[in-house]
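In case you want the letters, here they are:
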Amino acid sequence: MSKKVIHKANTRGHANHGWLDSHHTFSFAQYYNPERMGFGLLRVLNDDVVAPGMGFGTHPHDNMEIISIPLKGSLAHRDSTGTQEVIRTNEVQIMSAGSGLTHSEYNGSKTDSVNFLQIWVFPKERDINPRYGQKTFKPEDRQNRLQTVVSPEKDGEALWINQDAWFTLGTLKNGFSEEYQLHKAGNGLYAFVIEGEVEIDGEKLGKRDGMGISEADIVKISASGDAELLLMEIPMK
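What counts as what
- Residues numbered from 1 in each chain as written.
- Predicted model: local features only at pLDDT ≥ 70, side-chain atom pairs only at ≥ 80, totals over all residues.
- Heavy atoms only, no water.
- Pairing = 2+ DSSP bridges.
- Helix = DSSP H or I, 4+ residues; strand = E, 2+ residues; numbered from the N terminus.
- Axes fitted to C-alpha atoms, helices over the stretch in contact; angles between N-to-C directions.
- Buried < 20%, exposed > 50% of the residue type's maximum accessible area, 1.4 Å probe, protein only.
- Contact = heavy atoms within 4.5 Å.

Trainee: Can you walk me through the sheet that holds strand β18 (residues 198-200) in this structure?
Mentor: Two strands in a sheet stick together by hydrogen bonds in their backbones, pointing the same way (parallel) or opposite ways (antiparallel). What the four strands build is an open sheet, ordered β16-β21-β18-β19; its pairing is antiparallel. The open sheet has two free edges, formed respectively by β16 (177-181) and β19 (203-205), since each of these has just one partner strand. Strand-to-strand twist across the sheet, computed as the mean angle between neighbouring axes with direction ignored, equals 25°. Both β16 and strand β21 (residues 218-223) contribute to a ladder of five bridges, which runs antiparallel. Its bridge partner being in β21, Tyr 180 is matched across the sheet by Val 219.

The following block contains the structure:
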């Protein structure tokens, strides 16, 4: 029998700093909930809106896989590996902090806000050499199907992650239905509804709702309206 945990959008932690309006699915910064310290090795899921021309100054990370997914606008990135990039809608960024690096993230526009998801996953191997990856994914390849954007396969179509984790995106039409087969025994699946309404394993979820399912091999997904969905398959330990 599968285990479920549901995090409704209005139960997330919230911090508005003026330049940054952030919702936290899991404990982060000043938001602390001992029952929401992550899902398996998924540690952070932040839904951030950054004002034009503003951003996060240079700060350090180590031994964390950090994934950024812009939903609207563009995000400028700079790090101590020498990487300097702008990440836009339909692109995904992953940074393996490994043995340690510093980076900064800023809104890439002086006129429009940027909304992006920042996700942290504990790594499989510690103290690897820091690395950066970024890729554009065709939006038509996720129309009414699931598009893998992150995987542990180094030479695959998706971005490589230093963990046995798979991230998929879907832009789903009302009536879409599919069974998600987990790739690895012991993994769980965390679903985050970006837009619209879906039903996952019999549970109805709306915009910005999240749900984790563990001890399941197959998870049934259907769209009860047009929807955008992020699925994160994550080791539970």
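Trainee: What exactly am I supposed to notice about the environment of Ile 94 here?
Mentor: Positionally, Ile 94 belongs in strand β9 (residues 91-96). Overall, the relative accessible area of 1% leaves Ile 94 in the buried class. Residues Ile 94 and Ile 66 lie 28 residues apart in sequence; the distance between their C-alpha atoms is 5.6 Å. Not counting residues up to four positions away in its chain, the partners in contact with Ile 94 are Glu 65, Ile 66, Ile 67, Arg 131, Tyr 132, Gly 133, Val 150, Leu 159, Trp 160 and Ile 161.

Trainee: Quick question: what am I supposed to make of the sheet that holds strand β8 (residues 84-88) here?
Mentor: An order of β5-β10-β7-β8 is seen for the four strands of this open sheet, with the pairing classed as antiparallel. Unpaired on one side and paired on the other, β5 (55-61) and β8 mark the two borders of the sheet. For this sheet the average axis-to-axis angle between neighbouring strands, irrespective of direction, equals 20°.

Functional significance is not addressed by these values, which are geometric in nature.
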